[in-house]
Amino acid sequence: MQSPPGDRPHNFHEGKKPMSAVGELASIVSSRKKGGAKEKHPDNKSAAVFMTPWLLGFLGITLIPMIASFALAFTDYSLLAPPEFVGLENIKQMISDTRLHNSLVVTFIYVFVGTPLQLIAALLLAVLLNQGMKGLSFYRSIFYLPSLLGGSVAIAILWRQMFGANGLINQVAGMFGFTDLPGWVSNPDTALGTIILLHVWTFGSPMIIFLAGLRQIPEMYYEAASVDGASTMTKFFRITIPLLTPIIFFNVVLQVINAFQSFTQAFVVSGGTGGPSDSTMFYTLYLYQKGFTQFDMGYASAMAWLLLIIVAFFTAINFFVSKFWVFYDD
Amino acid sequence: MLSRRSTLALGMAVPGLAALAACGPNASGGSGSGGGDGGDASSASLRLAWWGNPTRDEKTQQVADAYKEVEPDVTVNLEPGEWSGYWDKLATQAAGGDFPDIVQMDEKYLSEYAGRGALLDLAGAGLSTTDFAPGSVEVGEVEGVGLAAINAGLNAFCFLLNPAVFEEAGVDIPDDTTWTWDDLLETAQKITEGTPDGTYGMTQMGSVQGLFQVFVRQAGQDQYKDGAAGFDVDTATKWFEWAKEIQDTKAGPDASVSVEDAAQAMDQSLFATGKVAMTVAWSNQVVAHDGLVPDGVTVLRPPSMTGSAADAELWYKASMYWAVSAKTQSPEAAVKFVDFLVNSPDAGKILSVERGVPGNLTVREAIVPDLDEANTKAVDYLNSIEQELGDAPEITPQGGGQFEDILTRACEDMLFGKLSPAEAGQRVLDDLAGALA
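Only a predicted model underlies this, so the values are computations on that prediction, with no experimental measurement involved.

Undergrad: Hey, could you run me through the overall build of chain B in this one?
TA: Scanning chain B from terminus to terminus reveals 16 helices and 13 strands. Here the C-alpha radius of gyration of chain B, 24 Å, is about what a compact globule of 437 residues would show, namely 22 Å. On the principal axes, the C-alpha backbone points of chain B span a range of 80 × 60 × 45 Å. Each of the 437 residues in chain B was classed as buried or not, and the buried ones make up 49%. Residue pairs at least 24 apart in sequence account for 76% of intrachain contacts in chain B once pairs closer than 6 positions are excluded.

Following this line, the structure appears as structure tokens:
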């Protein structure tokens, strides 16, 4: 963030250390309040121009659809005919919809089993990659690859084939004498497990963030601990983990939100059905089916808002609980 | 070191980036050109949407090209699709006021769309149906709308056999004029026994809606009656007991293999790969299956409960329809193009019987002599059952499009042992009542 020399009236870079984006934003706002807002700054127009794509996107595909979906949540809307106001009918229906309850159970299992496993995998690999090994950037890219691909349709199809009755997994197991194994994706007891595994496998982006966090921990703490004779494990649990808690917290919040919104994997692996016998019927998949294949967009809108409330609730809990375990250095 | 502030900043930056990345492909998804530019039949731009397969896509392209010579000023823009994504897309387009001018329609969704005023009354718009076989036009009529869609081809439900597997097992092909549901199971068991592990007599048919309908009709009921379920819990229970027997007697594969098979593309299916001797299909799919099996398929009637094909209660179904949007900007041009599709022998020769055997008898006469062997099998089958047909079934009511999913779900739960056949029967009725409400 370098200001062009000379022409800036507000010189907010005079800090001792470089400021974060938030700090910068705050000082811009405060300096504007002191009368800066009225002056015609030559950059204002171009700022508006540069912001237009984002603004259009935000209005067109976030804000306006959200307002519309809130209104539709109280209607009976078949997509084909104009919506009709029905008050709280959709919410009443949701209370007695057993498939909806089942989809919540499936989603909760996915979120609360998949996310911790994914973060543990990410953290362990980040620690491993942080050992200063040769070819680090190569390994980093390799481990990040699944995250780029994991949400894609192609990988989900590959997954379906690999975990099928005659898939790669069973054939390899067959070489070791395990025969008559079921098709993992086509058995209601194991189908969700395979999708959770796919989720865990996409540990790349939290891993990169963990890596960045690990780099920030000063070497001197470890040196001091070594002098005191601390073992590697002790150093990990007494230095690395505590100093990494803000990053862990950040990853937990983000990944929980992401996991609640998962759709592609379940859609592709189950062929859009959520089967076998609803065992992979994610909340978002059921929402999609309601809205687009069962002509009940009003109900789907109400479901979308319930999801928002659920995600907001768990995020709030996350922030509240963070007071007790996240350690900030400032 | 990490400060609270910089963590917050990270928190703002990363989702921001994610949002940016997420809007990439979608943001550019503008829709195609809107409808036509006038009500004039001789110059317009029409959008034609259908689901299908590569063969159908090619034939439809050819027929649109041929129409260029009939009406040089009418442009037909093609929007091919696949069954699975087609209905989601169509519903979204309808909601967004971007409905194509002409759409291929299915019986399951006909009243869904027509009942909500999305489709034009073709008879009112002057479409000629005088050459159609008796009974083949009425299947497109919806109460309060008129002729909402015109039959694009006739179909009947049938069994497909792979003779090579029969031969391998040393089992004779059964006589389809006398076989019963138990004969079917017995034949399939013999094949499973007479072939190596992993090869079965028949597919799991418990989740096949067409065969379910055959079954309930033979029990004197039907899928729908007066807009509600037309069968009772006893019949549904008997159906699931029969389906369970397929699994229990090893006539067909177990639940897990069946679920997987159902999700496969047609050319990867157990039947196409010679792992199963008998499957079921609608007769317009005979050609596609015939090409996948080395020696070709044999087409049989479904079994009957009494052992007489006269009681098989089969019916001619419109395999699909053509319908015109009620909001099209060029209704005359659109109807005229549909008229070309269903009434012109020239168009019929291009489209052949890929969408089913034409209901228009003049077109049928023009194309039947030139059909190849596979297509002839389908036409011969339809002709052979003509004297045995039962009453025409009631059109699928609104919400009935979900029935296949409902049946599949109950059947899977039953096959995986989560429900008894009686419970599965009750579930189907309950869920169907909920869907139709």
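Undergrad: In this structure, what is going on with the packing of helix 4 (residues 98-129) of chain A against helix 8 (residues 191-201) of chain A? I would like to understand it.
TA: All names here are of chain A. The contact between helix 4 and helix 8 brings their axes to 8 Å, and the two run at 35°. Handedness of the crossing formed by helix 4 with helix 8: right-handed. Between helix 4, through Val 106, Ile 109, Tyr 110, Val 113, Gly 114, Leu 117, Gln 118 and Ala 121, and helix 8, the contact on the second element is made entirely by Leu 192, Ile 195, Ile 196, His 199 and Val 200. Grouping the amino acids of the contact of helix 4 with helix 8 by side-chain chemistry returns 10 nonpolar, 3 polar and no charged.

Undergrad: How do you make sense of the domain arrangement of chain B when you look at a structure like this?
TA: A common measure of how large an interface is: the accessible area buried when the components associate. Residue and element names in this part refer to chain B. Entries for chain B in the domain assignment read domain 1 (44-152 + 319-379) and domain 2 (157-315 + 392-436). A C-alpha centroid distance of 29 Å is found between domain 1 and domain 2. Each side of the interface is counted separately: domain 1 has 19 residues, and domain 2 has 17 residues. Per-element accounting of the side of domain 1 that touches domain 2 gives the leading share, 6 residues, to helix 4 (residues 107-114). Here the side of domain 1 that touches domain 2 is composed, by residue class, of 6 nonpolar, 7 polar and 6 charged.

Undergrad: Where do I start with the nonpolar core in this structure?
TA: Looking at soluble globular proteins, one finds that nonpolar side chains tend to be buried together. Counting residues in each nonpolar core, the largest one holds 186 residues, and the members touching the most others are B:Leu119, B:Tyr321, B:Trp322, B:Phe337 and B:Val338. At 10 residues, the largest contribution of residues to this core is made by helix 11 (residues 232-260) of chain A. Looking at which domains feed residues into this core, each of domain 1 (44-152 + 319-379) and domain 2 (157-315 + 392-436) of chain B supplies at least three. When sequence neighbours within four positions are dropped, the list of residues in contact with B:Val338 reads B:Ile102, B:Leu122, B:Leu127, B:Ile150, B:Trp322 and B:Val324.

Conventions and cut-offs
- Residues numbered from 1 in each chain as written.
- Chains lettered and ligands numbered in written order.
- Predicted model: local features only at pLDDT ≥ 70, side-chain atom pairs only at ≥ 80, totals over all residues.
- Helix = DSSP H or I, 4+ residues; strand = E, 2+ residues; numbered from the N terminus.
- Rg over C-alpha atoms; globule rule 2.2 N^0.38 Å.
- Buried ≥ 20, exposed ≤ 12 C-beta atoms within 10 Å, placed from the backbone.
- Contact = placed C-beta atoms within 7 Å.
- Axes fitted to C-alpha atoms, helices over the stretch in contact; angles between N-to-C directions.
- Left-handed = near helix turned anticlockwise from the far one by under 90°.
- Nonpolar A, V, L, I, M, F, W, Y, C, P; charged D, E, K, R; others polar.
- Domains from an automatic or database assignment.
- Core = buried A, V, L, I, M, F, W, Y, C linked by C-beta atoms within 7 Å.

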